[in-house]
Amino acid sequence: FLVSWVVLASQIGFSVSLTYAKDVLLGFLFRTVHPDLWIIYSLFGFFLVAPFLKKMAEGLSQKEKKWLLGVLVGYFAFFTGGVLLDYKIMLYGYPFLNWITYALSGYLVLTIDWTRAQRRWIYIAGISAFIVSTVEALCFPGVNWSLDTICFSRIVICLAIFLWIGKRRWKRV
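Let me sum up the structure you'll find in this document.

Criteria and thresholds
Residues numbered from 1 in each chain as written. Predicted model: local features only at pLDDT ≥ 70, side-chain atom pairs only at ≥ 80, totals over all residues. Heavy atoms only, no water. Axes fitted to C-alpha atoms, helices over the stretch in contact; angles between N-to-C directions. Helix = DSSP H or I, 4+ residues; strand = E, 2+ residues; numbered from the N terminus. Left-handed = near helix turned anticlockwise from the far one by under 90°. Contact = heavy atoms within 4.5 Å. Nonpolar A, V, L, I, M, F, W, Y, C, P; charged D, E, K, R; others polar. Buried < 20%, exposed > 50% of the residue type's maximum accessible area, 1.4 Å probe, protein only. Expected span 1.5 Å × (residues − 1). Salt bridge = Lys/Arg side-chain N within 4 Å of Asp/Glu carboxyl O.

### A word on the packing of helix α4 (residues 62–85) against helix α5 (residues 99–111)
Their axes nearest at 10 Å, the elements α4 and α5 cross at an angle of 145°. Relative to α5, the crossing made by α4 is left-handed. Residues Gln62, Lys65, Leu68, Leu69, Leu72 and Phe76 of α4 form the contact with α5, whose own contacting residues are Thr101, Tyr102, Leu104, Ser105, Leu108, Val109 and Thr111. When its residues are assigned to classes, the contact of α4 with α5 shows eight nonpolar, four polar and one charged.

Structure (structure tokens):
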């Protein structure tokens, strides 16, 4: 709400009136202040569902967590293949292609007991995915329109970052 108010104030100025307060409130509720503020609504959704996802994931065994993570990453790979190879398979609703998948996969990668070798492979995969994404963005712009959102390389990069930062942070706690 605060970010919406600041953006709106920079766009139309500031006023102390009921009309201005109504404009701020409606702009916030209907996302008309600025289109790039969609991420705020996703973050709000994370905060709402995170406690429930954590409780559900805590009941999974280590093997089940690995399978779920594999399904999530595999789904991103399948979707990216569809974008790059232009195959038209209609998956109604895309159940895993949303920002909550990043949060769930981050939780999973942090709570799975990885061996040192497995962690190393996740880091190598993340660095490789970063290189591939960079080359793709620089040399083939626009080919993979999902590169900045729901792309296989992006989730692999995120998993490596989650693991690297998360494990270091949790060691100190």
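### Some details on the environment of Tyr107
Note that Tyr107 resides in helix α5. Note on Tyr107: relative accessible area 19%, which makes it buried. The spatial distance from the C-alpha of Tyr107 to the C-alpha of Leu159 is 9.5 Å, given a sequence separation of 52 residues. Discounting chain neighbours no more than four positions away, the residues touching Tyr107 are Lys54, Ala57 and Glu58.

### Some words on helix α6 (residues 116–139)
Across its 24 residues, α6 extends 34 Å between first and last C-alpha, which sits within 8% of the 34 Å expected from 1.5 Å per residue. Residues of α6 that are buried include every one of Ile122, Gly126, Ala129, Ser133 and Glu136, and no others.

### Concerning the pattern of salt bridges
Opposite charge on two side chains permits pairing when their charged atoms draw close. The full count for this structure, using the stated rule, is one salt bridge. Here Glu58 makes a salt bridge to Lys54, at a shortest N to O gap of 2.6 Å. Of the two residues, Glu58 and Lys54 are both situated in helix α3 (residues 38–58); the distance of four residues between them amounts to about one turn of the helix.

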